[in-house]
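# Inside the fold
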Amino acid sequence: MENLISLVNKIQRACTALGDHGDESTMPTLWDSLPAIAVVGGQSSGKSSVLESIVGKDFLPRGSGIVTRRPLVLQLHKIDDGREYAEFMHLPRKRFTDFAAVRQEISDETDRETGRTKAISSVPIHLSIFSPNVVNLTLVDLPGLTKVAIDGQPESIVQDIENMVRAFIEKPNCIILAISPANQDLATSDAIKISREVDPKGERTFGVLTKIDLMDKGTNAVDILEGRSYKLQFPWIGVVNRSQADINKSVDMIAARRREREYFANSLEYKHLASKMGSEHLGRVLSKHLERVIKSRIPGLQSLISKTISELEAEQSRLGKPIAADTGGKLYVIMEISRTFDQIFKEHLDGVRSGGDKVYSVFGNQFPAALKRLQFDKYLTMENIRKLITEADGYQPHLIAPEQGYRRLIESSLISIKGPAEDAVDAVHAILKELAQMSISETSELKQYPTLRVEVGNAAFESLDRMKEESKRATMQLVDMECGYLTVEFFRKLPQDIEKGGNPTHSLFDRYNDSYLRRVGINVSNYVNMVCSGLRTAIPKSIVYCQVREAKRSLLDHFFAELGSKEKGQLSRMLDEDPAVMQRRTSIARRLELYRSAQAEIDAVAWSK
């Protein structure tokens, strides 16, 4: 079971290295899920002496006021033999054998975080002690609760300490070690008061009674130790610490333990409880209880870690890969992201994603409807036909058919098709721009780089604009070709006046009678409708060729061509990722490493059990 505590020790140290120490964090925190024993007590409650008795070493800073200003994660490792030593996580290659130096380093490291003020910090100090005189145990020593701020401390210090302590002990995985002095009324105990608030049933609170030997004569703590005064789920444990005189004389901790055992064994009031009293018994009880709690939490830890790894991997994927440092790497990243956008755009057009059907709607509905709305009749009124034919004949009336009149009537009608044709080009252009904008939004990598997002969007829109202009030229040319060269076969099939008994020697005005002009109008209308039917098919083909097909084939060709001439600085500016995102990605990567390592460690322990 000893390796269970070692396992939690290892994970706690890794959590602190990542800044995951249960403080306000925007990321999932493993620290809060790890079982831990938090030591809680008021100033002068004997809290430091209890810890030193468990360790068997004099190593904690002492003084007036608030001495413990940062949480101290104290990890005890039992070794078979050899010299006792200590290691700090922030000094991984330094081994301390002088515990006075350990005391000084705790003070110095506290000042490094808080400055030489009396302020507090929730960032923990990790201290590991290796000794044959300890049990495998991890304790978190919290700042002592106080009621009054002293000189040099902010007025909020009382509430700040209480908030920090409560933040630690309110977590359901925290075991509370509540230190209370026996020579004070238990009802005024700071440790019991705050423990009761977060653990009203006493299900995870161990009560420790200090200074039993300093109680007034004629009084004792038997009612408290036997659970009659204040009942907890676990038995109270009494301890006898070194006196201030012993501390001043540097009385050996091992000798102090022996005197503690003798006190309980020889005391009339406590001899029946002697086997369940003392700092050594306290250490063994806490070690065994911590082992049981860790073992019971392993399935939940495994589930939490697996779930968190999945969430972190998903976020890591969403944040994208880190930016390459070299020019070639940056160029590659830009090209890959741009190709991803281009592929998404093509998928919209090909129906893999939504939106491409809107182009067909232009050709199947909007453009035909616009052609039907063209009022060719206004160009083929009797007055207009007579006017155009007369003007086309000039000084000499036509002999058989008014060819120039026909041409002018047809041209004036066909030109009106340019309006719907241009509208169709513009409608498809608007759809392509909309699909490009959708594709930009759906390219998750572009969200990572705002400048590249703008550059790719501008390049795509500029290409679409060029394609629109080319499409308009091609489409207008189709109409102009129909105006410039009429289909001769259509007119050859028309019955001529002379074949119908017409007489070309009739007067000019007879040749322009209403019946004749009406037949001209019908012929022109039939021809225009025939051409319109052809253009209804040809214009969509032209638009697809010049816009849709070209957009699929070369939407970013100009952009790619320009990329090759850009320098490293220009490429870097295109990949100007938000520093917060970069920091987040780094944190996610480190946290993933922590969770995967923890997963492997916990799985190994679980299988071995």
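Cut-offs and rules
- Residues numbered from 1 in each chain as written.
- Predicted model: local features only at pLDDT ≥ 70, side-chain atom pairs only at ≥ 80, totals over all residues.
- Heavy atoms only, no water.
- Helix = DSSP H or I, 4+ residues; strand = E, 2+ residues; numbered from the N terminus.
- Buried < 20%, exposed > 50% of the residue type's maximum accessible area, 1.4 Å probe, protein only.
- Contact = heavy atoms within 4.5 Å.
- Areas by Shrake-Rupley, 256 points an atom, 1.4 Å probe, with all protein chains shown as cover.
- Core = buried A, V, L, I, M, F, W, Y, C linked by side-chain atoms within 4.5 Å.
- pLDDT = per-residue confidence, 0-100.
- Pairing = 2+ DSSP bridges.
- Axes fitted to C-alpha atoms, helices over the stretch in contact; angles between N-to-C directions.
- Expected span 1.5 Å × (residues − 1).
- Bend = angle between axes of the 7 residues up to and from the residue.
- Salt bridge = Lys/Arg side-chain N within 4 Å of Asp/Glu carboxyl O.

### Structural notes on the overall build of the protein chain
Across its full length, the protein chain carries 22 helices and nine strands. Put simply, the protein chain has 609 residues, and 49% of those count as buried. Residue pairs at least 24 apart in sequence account for 80% of intrachain contacts in the protein chain once pairs closer than 6 positions are excluded. For the protein chain, the exposed area adds up to about 30,200 Å²; of that, 50% sits on carbon and sulfur atoms.

### Brief notes about the nonpolar core
Among the nonpolar cores identified, the biggest contains 64 residues, and Phe 341, Ile 417, Leu 452, Ile 539 and Phe 559 are the most heavily contacted of them. Listing elements by their share of this core, those giving two or more residues are helix H10 (327–350), helix H11 (357–372), helix H13 (403–414), helix H14 (418–442), helix H16 (450–484), helix H19 (514–554), helix H20 (557–563) and helix H21 (568–574). Broken down by element, this core gets its largest block of residues, 13 residues, from H19. Not counting the four nearest positions on each side in its chain, Phe 341 is found in contact with Ala 436, Ser 439, Ile 440, Thr 443, Leu 446, Val 456, Ala 460, Leu 555 and Leu 556. Listed in part, the 56 residues of the second largest apolar core include Leu 72, Ile 237, Leu 301 and Leu 319.

### Thoughts on the confidence of the model for the protein chain
Detailed reading of the predicted coordinates is not advisable wherever pLDDT falls low. Looking at the protein chain, pLDDT values average 84 and 87% of them are 70 or higher. Within the protein chain, helix H18 (residues 508–511) has the poorest average pLDDT of any element, 49, and H14 the best, 95. Across residues 23–28, where pLDDT falls below 50, the model places 13 contacts with residues more than four positions away in sequence or in other chains. A low-confidence stretch, residues 497–509 (pLDDT under 50), is modelled with eleven contacts involving residues beyond four sequence positions or located in other chains.

### Some points on the side chain of Ser 554
Structurally, the position occupied by Ser 554 is in helix H19. Ignoring sequence-local partners within four residues, the contact set of Ser 554 consists of Ser 463 and Met 467.

### Overview of the sheet that holds strand S8 (residues 205–210)
Across the sheet, nine strands lie side by side as S4-S3-S5-S2-S6-S1-S7-S8-S9; this open sheet has mixed pairing. Because the sheet does not close on itself, it has two edges, and the strands there are strand S4 (91–96) and strand S9 (237–238). Examined bridge by bridge, strand S3 (residues 85–88) and S4 share two bridges and lie antiparallel to one another. The residue of S4 that forms the bridge with Ala 86 is Phe 96. This element, helix H5 (residues 190–198), spans strand S1 (36–41), strand S7 (174–181) and S8 of the sheet and lies at about 150° to S7.

### Re the environment of Asn 523
Considering the arrangement of structural elements, one finds Asn 523 in helix H19. Sequence spacing of Asn 523 and Ile 410 is 113 residues, and the spatial spacing of their C-alpha atoms is 9.7 Å.

### A short note on H11
In this model, H11 (16 residues) spans 22 Å end to end at C-alpha, consistent with the 22 Å of a helix rising 1.5 Å per residue. Within H11, the axis deviates most sharply at Phe 363, by approximately 30°. Restricting attention to buried positions, one finds in H11 the residues Val 359, Val 362, Phe 363, Phe 367, Pro 368, Ala 370 and Leu 371. Elements in contact with the buried residues of H11: H14 and H19.

### Focus on the pattern of salt bridges
A side chain of one charge can pair with a side chain of the opposite charge when the charged atoms of the two come close. By the definition in use, this model includes 31 salt bridges. Asp 223 serves as the salt-bridge partner of Arg 228, at 2.7 Å between the closest nitrogen and oxygen. Overall, the relative accessible area of 39% leaves Asp 223 in the partly exposed class. Lys 358 is the partner of Glu 434 in a salt bridge, and the nearest nitrogen-oxygen pair spans 2.8 Å. Of the two residues, Glu 434 sits in helix H14 while Lys 358 sits in helix H11, which places them 76 residues apart along the sequence. A residue is classified by how much of its surface remains accessible, and Glu 434, at 35% relative accessible area, is partly exposed.

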